[in-house]
Amino acid sequence: MSSVGDGTTVVDGHVTTVHSAPGSGNGKARFEEPFNKPERTASAANFSATVDYMEVERPFFIKIGKDGLIAALQKLDRQLRNAGRVHILSQKNPTDWIGKEVNPGQIGLINHGGLPKILTRAGRYPGMPLRNWWARKWAGTCGLSDAVVEFGGLTVVQVSQNQAAVVSDPQNHVFVVKNSGFVAYAIEGTYNVLSIVDQTHLPNIIKDPITHVVLGWSHEVTMKSRTGTGTKQDYVVALFLNIPANNCAILQRGDDLELLPAGQHYITSPNVTLRGMFTLGENQIEMPTKDIFTRDQVPVSLTIYLKWQLTEPLKLTTHGYNTPYDALRDKTQSILTQIVAHLDYSSMVKQRSLGPDNLDDGTDASSAFLDALRTRAMDDLHLAALEYGIVMKDLAVIDRQFKGDVAATMDKLTTRALQAQVEAANVDRENSNRIKQEEGALAVARIKAQSQNTKADAEAYSIVAAAQAQAKRLQIEAEAQAKATRLAAEAEAEAVRLRAAADAAVIDQFAREMELRRTEVSRVRAFGSKTVFVPTDGLGSQLGGSMAAGMAVGLGAREFAGAREQ
């Protein structure tokens, strides 16, 4: 993109242009290229190919290059000297002790009899009477990087990357300077800087009047011109556009149209106008329709949900529509009128909305209306929208309102039927709730019984396990006790054998007698000193038996005598 535009539309990106077909009577444009998403790397194409204002050699007009403002002023001064004009650079030499001060990075301005004189060297410039200041007047200083300097017919313009300067030359020819600058001296007329525009922060926002989507920003630069009556009037000389991503603008020159992609643009050509701005993203809106008569002459008003995406704005503007909604509204109204005109009131009153969540299987009495909308309305509207460069995404009937006396009467009947249906549904719902409650209670009882059975099984298992453990314990204890008894008996027998063997091993008679005496002492100690020990062998043993027999006879005689007395 050039830094300076002269009466042109500057475009960054892909551009699609349509031209009027010669000999066509309807005046519609012929499309030469289908619309695709703009590519910023594509070359620019404009309505008119004009030469850059800075590229044309003009007297006393110097472009500021890499050497800066001072070099451009020196070049302009040489041109003026060669043309026999008064030079603009002052010959005064600076000092360091007194006078007007010019700091580094500044230039001094002197009014020399109505002509500009420029001091380019930093320092102090003494006044009268130390220097010749005859017919001269100090006008101050300005910075070398100032955007605009206008002094005595000398014009300096320097703009940064984000700025654009709108300038009119002495012939009122308007041009735009971007990311550059110039120095000019007007012999006749003036170079007027009309505006310095911040291209990324344009003041006027442009929205879609229907969906309220932001389409971009704009700014108009005006110039005051004096008319024949002596009054001044503002005229628009430049239009700046800032189009966000996924949006575009349509420009018009006569019957020709041009697509302007996203980016920063400006228009200075008087025969090029902004046709409109559009978004290429998805849009959605609820659209109320006008009254439509059914086959039985019942008026109905529908509320339609539309979702679309504009893909070819040139087609839409060629057909004379300012927004996609305007085109869809007319087509939707026409298609719905044709569909509803073939349907009865009864086929439309039951179904309240149509969308992907409530599509029926064709068994409903209102399926004729739903099928017509699904098959005919969406398909017809999709085909019709493609003619305008629009792709339909979705269509749904949100609500419908019936009007007229017939509709009022039928609404009453329908309301009664719906009330009956609601009551029946409520009864069914209550019965269903009761059944569910009983089923829930039965399930709870079943679960409780299972829980009790499980608990009883667990208790029985625990009892059996405890009994088995007790029996096992007793068995183990009995076996242990028997084993201990057996071991004790064996130990006792072994001890007896050992003692017997020890006793048998004693040969000495005295020792044996002493052992007997010790045994007697132990027996007395064990049973007491008053115990009478009956011998169990010899004469004593026989005497004991006789005494026992006598005692038994005496006891028997006494018992017999007692029995006879009784």
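Here the structure is a predicted model, which is why all the values come from computation and not from measurement.

Peer 1: Which residues make up the overall build of the protein chain, and what are the values?
Peer 2: When helices and strands are tallied, the protein chain shows eight helices and 27 strands. The buried share among the 566 residues of the protein chain stands at 33%. Here the analysis covers contacts within the protein chain between residues at least 6 apart in sequence; of these, 65% occur between residues at least 24 apart. As presented, the protein chain carries roughly 33700 Å² of accessible surface, and 54% of it is formed by carbon and sulfur atoms.

Peer 1: Tell me about the confidence of the model for the protein chain, and name the residues and values.
Peer 2: Per-residue pLDDT for the protein chain averages 80, and the proportion of residues at 70 or more is 81%. Here strand 4 (residues 29-30) is the element of the protein chain with the lowest mean pLDDT, 36, and strand 17 (residues 204-207) is the one with the highest, 95. Within the model, pLDDT remains below 50 along residues 1-45, and this stretch shows 120 contacts once partners closer than five positions in the same chain are excluded. The model gives residues 351-366 a pLDDT under 50, and that stretch makes 29 contacts with residues more than four places away or in other chains.

Peer 1: Give a description of the sheet that holds strand 8 (residues 115-119) that names residues and reports values.
Peer 2: Each strand in a sheet pairs with its neighbour through backbone hydrogen bonds, running either in the same direction (parallel) or in the opposite one (antiparallel). Taking strand neighbours across the sheet as the criterion, the three strands line up as 8-7-10 in an open arrangement whose pairing is antiparallel. Looking along the sheet, the strands with just one partner apiece sit at the ends: strand 8 and strand 10 (136-143). The average angle at which neighbouring strand axes cross in this sheet is 25°, direction not considered. Relative to strand 10, strand 7 (residues 106-112) runs antiparallel, the two sharing seven bridges. Paired with His 112 across the bridge in strand 10 is Arg 136.

Peer 1: How would you sum up the packing of aromatic side chains? Please name residues and give values.
Peer 2: Inspection of the entire model under this criterion finds nine aromatic pairs. Plain terms: the ring middles of Phe 240 and Tyr 266 are 5.7 Å apart, the flat faces sit at 40° to each other, and that makes the pair tilted. Taken as a pair, Phe 240 in strand 19 (residues 232-243) and Tyr 266 in strand 22 (residues 263-267) lie far apart in primary sequence, 26 residues in all. Each member of the pair, Phe 240 as well as Tyr 266, carries the same accessibility label: buried. With 5.3 Å between their ring centres and 80° between their planes, Tyr 321 and Tyr 388 make a pair best called edge-to-face. Of this pair, Tyr 321 sits in the loop between helix 2 (313-318) and helix 3 (324-340) while Tyr 388 sits in the loop between helix 5 (367-387) and strand 27 (390-402), and the two are 67 residues apart along the sequence.

Peer 1: Give a detailed account of the sheet that holds strand 12 (residues 154-158), specifying residues and quantitative values.
Peer 2: Strand order in this open sheet of four strands is 5-15-12-11, and the pairing throughout is antiparallel. Every other strand in the sheet has two partners, leaving strand 5 (61-63) and strand 11 (148-151) as the edge strands with one partner each. Pairs of neighbouring strands in the sheet enclose a mean axial angle of 5°, with direction left out of account. With three bridges connecting them, strand 5 and strand 15 (residues 181-185) associate as antiparallel partners. Bridge pairing in strand 15 places Phe 61 opposite Ala 184. Along the sheet, helix 1 (residues 69-82) contacts strand 5, strand 12 and strand 15; its crossing angle with strand 15, the most-contacted strand, is approximately 30°.

Peer 1: Explain a nonpolar patch on the surface residue by residue, including any values.
Peer 2: A surface patch of nonpolar side chains, about 310 Å² in accessible area, is lined by Trp 97, Ile 98 and Leu 130. By the element assignment, Ile 98 lies in the loop between helix 1 and strand 6 (100-102). Look at Ile 98 and you get partly exposed, because its relative accessible area is 38%.

Peer 1: I'd like a description of the environment of Pro 59, backed by residues and values.
Peer 2: Looking at the element boundaries, Pro 59 is found in the loop between strand 4 and strand 5. Looking at Pro 59, the relative accessible area reads 62%, which means it is exposed. Along the backbone, Pro 59 and Ala 186 are 127 residues apart, and their C-alpha atoms lie at a distance of 8.9 Å.

Peer 1: Describe in detail the pattern of salt bridges, supporting the description with residues and values.
Peer 2: This model, assessed by the stated rule, comprises 10 salt bridges. Two residues, Lys 224 and Asp 234, come together in a salt bridge whose shortest N-O distance is 3.1 Å. On the criterion of sequence distance, the pair formed by Lys 224 in strand 18 (residues 214-226) and Asp 234 in strand 19 is long-range, its members being 10 residues apart. For Asp 234, a relative accessible area of 42% corresponds to the partly exposed category. When the shortest N-O distance is used, the salt bridge between Glu 282 and Lys 307 registers 3.5 Å. A residue pair is termed long-range when its members are at least 10 positions apart, and Glu 282 in strand 24 (residues 282-288) and Lys 307 in strand 26 (residues 299-310) qualify at 25 residues. Among the ionic contacts, a cluster of salt bridges with common partners joins Glu 282, Lys 307 and Lys 393.

Peer 1: An account of unusual backbone geometry is requested, with residue identities and associated values reported.
Peer 2: A positive phi is found at Ala 135, a non-glycine position, where the angle reads about 60°. Mapping Ala 135 onto the fold places it in the loop between strand 9 (123-125) and strand 10. In this model, Asn 179 sits at a positive phi of 55°, which is unusual for a non-glycine residue. Within the secondary structure, Asn 179 is located in the loop between strand 14 (174-178) and strand 15.

Peer 1: So what's going on with the nonpolar core? Which residues, and what values?
Peer 2: A general tendency of soluble globular proteins is for nonpolar side chains to be buried together. In terms of nonpolar packing, the biggest core is built from 37 residues, with Leu 306, Trp 308, Leu 316, Leu 328 and Ile 390 touching the most fellow members. Ile 390 has contacts with Trp 308, Gln 309, Leu 310, Leu 316, Pro 324, Ala 327, Leu 328 and Ala 385, leaving out every residue within four places of it along the chain.

Peer 1: Provide a residue-level description of the side chain of Asp 77, including the pertinent values.
Peer 2: For Asp 77, the position within the fold is in helix 1. By relative accessible area, Asp 77 is classed as buried at 5%. Leaving out residues up to four positions away in the same chain, Asp 77 has contacts with His 87, Ile 88 and Leu 89.

Rules and cut-offs
- Residues numbered from 1 in each chain as written.
- Predicted model: local features only at pLDDT ≥ 70, side-chain atom pairs only at ≥ 80, totals over all residues.
- Heavy atoms only, no water.
- Helix = DSSP H or I, 4+ residues; strand = E, 2+ residues; numbered from the N terminus.
- Buried < 20%, exposed > 50% of the residue type's maximum accessible area, 1.4 Å probe, protein only.
- Contact = heavy atoms within 4.5 Å.
- Areas by Shrake-Rupley, 256 points an atom, 1.4 Å probe, with all protein chains shown as cover.
- pLDDT = per-residue confidence, 0-100.
- Pairing = 2+ DSSP bridges.
- Axes fitted to C-alpha atoms, helices over the stretch in contact; angles between N-to-C directions.
- Phe/Tyr/Trp six-rings, centres within 6.5 Å; stacked < 30°, edge-to-face > 60°.
- Patch = residues over 30% accessible without salt bridge, like charges linked within 9 Å, V, L, I, M, F, W, Y side chains within 5 Å.
- Salt bridge = Lys/Arg side-chain N within 4 Å of Asp/Glu carboxyl O.
- Core = buried A, V, L, I, M, F, W, Y, C linked by side-chain atoms within 4.5 Å.

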